[in-house]
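Here is what each chain is made of, one letter per residue.
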Amino acid sequence: MRKFSIIIIALAAVICAACDSDALDPSQSVITGDTSVQNSFDKWLYTNYVIPYNIRFLYKMQDIESDLSYTLSPADYKKSTQMARIVKHLCLEAYDEVTGGKDFVCTYFPKMFHLIGSAAYNSNGTIMLGTAEGGLKITLYMVNDVDINNIQLLNNYYFHTIHHEFAHILHQTKNYPVEYKDLSGKFYVQDSWIYNLQYLEQGFVTAYSSKEPNEDFVEVISTYVTSTQKEWENLLEAAGEQGRPILEKKLAICKNYMLASWHIDLDKLRVIIERRSSELDMLGLENAL
């Protein structure tokens, strides 16, 4: 005990000496703000993401936010400005429109987007298009491949992923009916989904759906809202007599869940997204921010 007291006294003396030699100026704060220069895009993001939604949109690649197990490259500046405007128009404002305000997005949507310019290649030969971490951040890859004139590519690469990850947050907050898992129970194959060529006739909208029930559930939602009626009908026809009834039952459960749990009509949301998709040429995406 005596030895410990001596150490404390000695440490206090050192601290006092340091305080005497570096006295603080009471007229100046030691806490400084962000001194980085804000460009026009940064200011636009603050006005259009931070203020209305409390969402950060990171387009300058940050090591601390990146998965360093992949070889990645930063997102192009112009592509990032395009992506920011498209995400706001096709996603955030689409949910605002279907729910009647910004409260839903502000409450449940992840608080950060992080853009990566390149793809993230997995060891099994697949490409990761996006990830979500704890409901707090969505990372989008392949941003340098954005084609503002190709809505199918935009949906396949980015918006399918965003709706997929957001649906995960929703079902983790309020779970979907347990009977959903029984519709294709015997066909779930975990990581072998990449070899599943019969997914449609088994009642899955994508091969990835056959991984496990949670992925199946969110894939139905994300595929439905990013597909036109014709595209969805083509998918049902390709599923055949065996897969079609399963997909129709899955979609019915998804629709009932979204309406009962979140007051969102998936049919209305899909119409809104399709209409907004036709409005992209009105956003002036070719012009720099």
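Definitions and limits used
- Residues numbered from 1 in each chain as written.
- Predicted model: local features only at pLDDT ≥ 70, side-chain atom pairs only at ≥ 80, totals over all residues.
- Heavy atoms only, no water.
- Buried < 20%, exposed > 50% of the residue type's maximum accessible area, 1.4 Å probe, protein only.
- Helix = DSSP H or I, 4+ residues; strand = E, 2+ residues; numbered from the N terminus.
- Pairing = 2+ DSSP bridges.
- Phe/Tyr/Trp six-rings, centres within 6.5 Å; stacked < 30°, edge-to-face > 60°.
- Lys NZ or Arg CZ within 6 Å of the ring centre and 35° of its normal.
- Polar contact = N/O pair within 3.5 Å; in protein donor to acceptor, adjacent residues only side chain to side chain.
- Contact = heavy atoms within 4.5 Å.
- Core = buried A, V, L, I, M, F, W, Y, C linked by side-chain atoms within 4.5 Å.
- Bend = angle between axes of the 7 residues up to and from the residue.
- Expected span 1.5 Å × (residues − 1).
- Axes fitted to C-alpha atoms, helices over the stretch in contact; angles between N-to-C directions.
- Parallel < 35°, antiparallel > 145°, perpendicular 65-115°, else oblique.
- Nonpolar A, V, L, I, M, F, W, Y, C, P; charged D, E, K, R; others polar.

Visitor: I tried to follow the pairing of strand 2 (residues 112-115) on my own but got confused; where do I start?
Guide: Two faces belong to every sheet, and in a regular strand the side chains alternate between them. What you see with strand 2 is no split at all: Met 112 and His 114 on one side and Phe 113 and Leu 115 on the other are buried throughout. Here 3 bridges tie strand 1 (residues 56-58) to strand 2, and the two strands are oriented parallel to one another. Bridged to Leu 58 within strand 2 is His 114. Sheet topology note: the strand 2/strand 6 (residues 137-140) ladder contains 4 bridges and is parallel. Bridge assignment links Met 112 to a residue of strand 6, and that residue is Lys 137.

Visitor: I tried to follow the packing of aromatic side chains on my own but got confused; where do I start?
Guide: The description of an aromatic ring pair rests on the distance of the ring centres and on the angle between the ring planes. One pass over the full model with this rule turns up 23 aromatic pairs. With a centroid separation of 5.0 Å and 50 degrees between ring planes, the pair formed by Tyr 49 and Phe 57 is classed as tilted. Phe 57 shares its class with Tyr 49; the two are buried. Just above the ring of Tyr 224 sits the side chain of Arg 270; from NZ or CZ to the centre is 4.1 Å.

Visitor: How should I be thinking about the environment of Ser 210 in this particular structure?
Guide: The residue Ser 210 is located in the loop between helix 5 (151-173) and helix 6 (213-225) in this model. Judged by its relative accessible area of 0%, Ser 210 falls in the buried class. Residues Ser 210 and Ser 192, spaced 18 residues apart in sequence, show a C-alpha to C-alpha distance of 8.7 Å. Here Asn 196 takes part through its side chain, which lies 3.1 Å from a polar atom of the side chain of Ser 210. Looking at Ser 210, its side chain comes within polar contact range of the main-chain oxygen of Ala 207, at 2.6 Å.

Visitor: Explain the side chain of Ser 209 here, please?
Guide: Its place among the elements puts Ser 209 in the loop between helix 5 and helix 6. Residue Ser 209 is classed as buried on the basis of its relative accessible area of 0%. Only 2.9 Å separates the side chain of Ser 209 from the side chain of Thr 206, close enough to count as a polar contact. Residues within four places of Ser 209 in sequence aside, it is in contact with Tyr 188, Phe 204, Glu 215, Asp 216 and Glu 219.

Visitor: Can you help me understand the nonpolar core in this one?
Guide: Looking at soluble globular proteins, one finds that nonpolar side chains tend to be buried together. With 75 residues, the main nonpolar core has Tyr 49, Tyr 95, Phe 109, Phe 113, Phe 159, Ile 162 and Leu 269 as its most contacted residues. Broken down by element, the residue count for this core peaks at 11 residues, all from helix 7 (residues 229-262). Contact partners of Tyr 49, with chain neighbours within four places excluded, come to Trp 44, Asn 54, Ile 55, Phe 57, Ala 84, Val 87, Lys 88, Leu 92 and Phe 113.

Visitor: Please explain helix 5 as it appears in this structure.
Guide: For an α-helix the count is 3.6 residues per turn, leaving residues at separations of three or four pointing the same way. Of all the bends in helix 5, the largest measures some 40 degrees and sits at Phe 159. Judged by how many residues are buried, helix 5 sits mostly within the fold: 17 of 23 residues are covered. The backbone nitrogen of Gln 152 lies 3.2 Å from a side-chain oxygen of the residue at the head of helix 5, namely Asn 150.

Visitor: I'm lost on helix 7 in this one. Help?
Guide: Under the 1.5 Å per step criterion, the end-to-end length of helix 7 is only 23 Å for 34 residues, more than 12% shorter than the ideal 50 Å. Along helix 7, the sharpest kink reaches roughly 130 degrees, centred on Gly 240. Of the residues one or two after helix 7, His 263 is the one with positive phi, at around 55 degrees.

Visitor: Would you mind going over the side chain of Thr 226 with me for this structure?
Guide: Structurally, the position occupied by Thr 226 is in the loop between helix 6 and helix 7. Here Thr 226 falls in the buried class, since its relative accessible area comes to 13%. Reaching out from Thr 226, the side chain makes a polar contact with the backbone oxygen of Ser 222 at a distance of 2.6 Å. Filtering out sequence-adjacent residues up to four positions away, Thr 226 remains in contact with Asn 155, Phe 159, His 160, His 163 and Glu 231.

Visitor: Got a minute to help me understand the environment of Pro 52 in this structure?
Guide: Tracing the backbone shows Pro 52 in helix 2 (residues 40-53). Sequence-wise, Pro 52 and Cys 106 are 54 residues apart; in three dimensions their C-alpha atoms are separated by 8.0 Å. In contact with Pro 52, other than residues within four places in its own chain, are Tyr 46, Thr 47, Lys 102 and Cys 106.

Visitor: Teacher, can you tell me more about the packing of helix 6 against helix 7 here?
Guide: Two quantities define a packed helix pair, namely the angle between the axes and the distance from one axis to the other. Where helix 6 contacts helix 7, the two axes come as close as 10 Å, and the packing angle between them is 100 degrees. Judged on the interaxial angle alone, helix 7 and helix 6 are roughly perpendicular. Between helix 6 and helix 7, the residues in contact are Asp 216, Phe 217, Val 220, Ile 221, Thr 223 and Tyr 224 and Trp 232, Leu 235, Lys 250, Leu 251, Cys 254, Lys 255, Tyr 257 and Met 258, respectively. Looking at the contact of helix 6 with helix 7, its residues break down into 10 nonpolar, 1 polar and 3 charged.

Keep in mind these values describe shape, not function.
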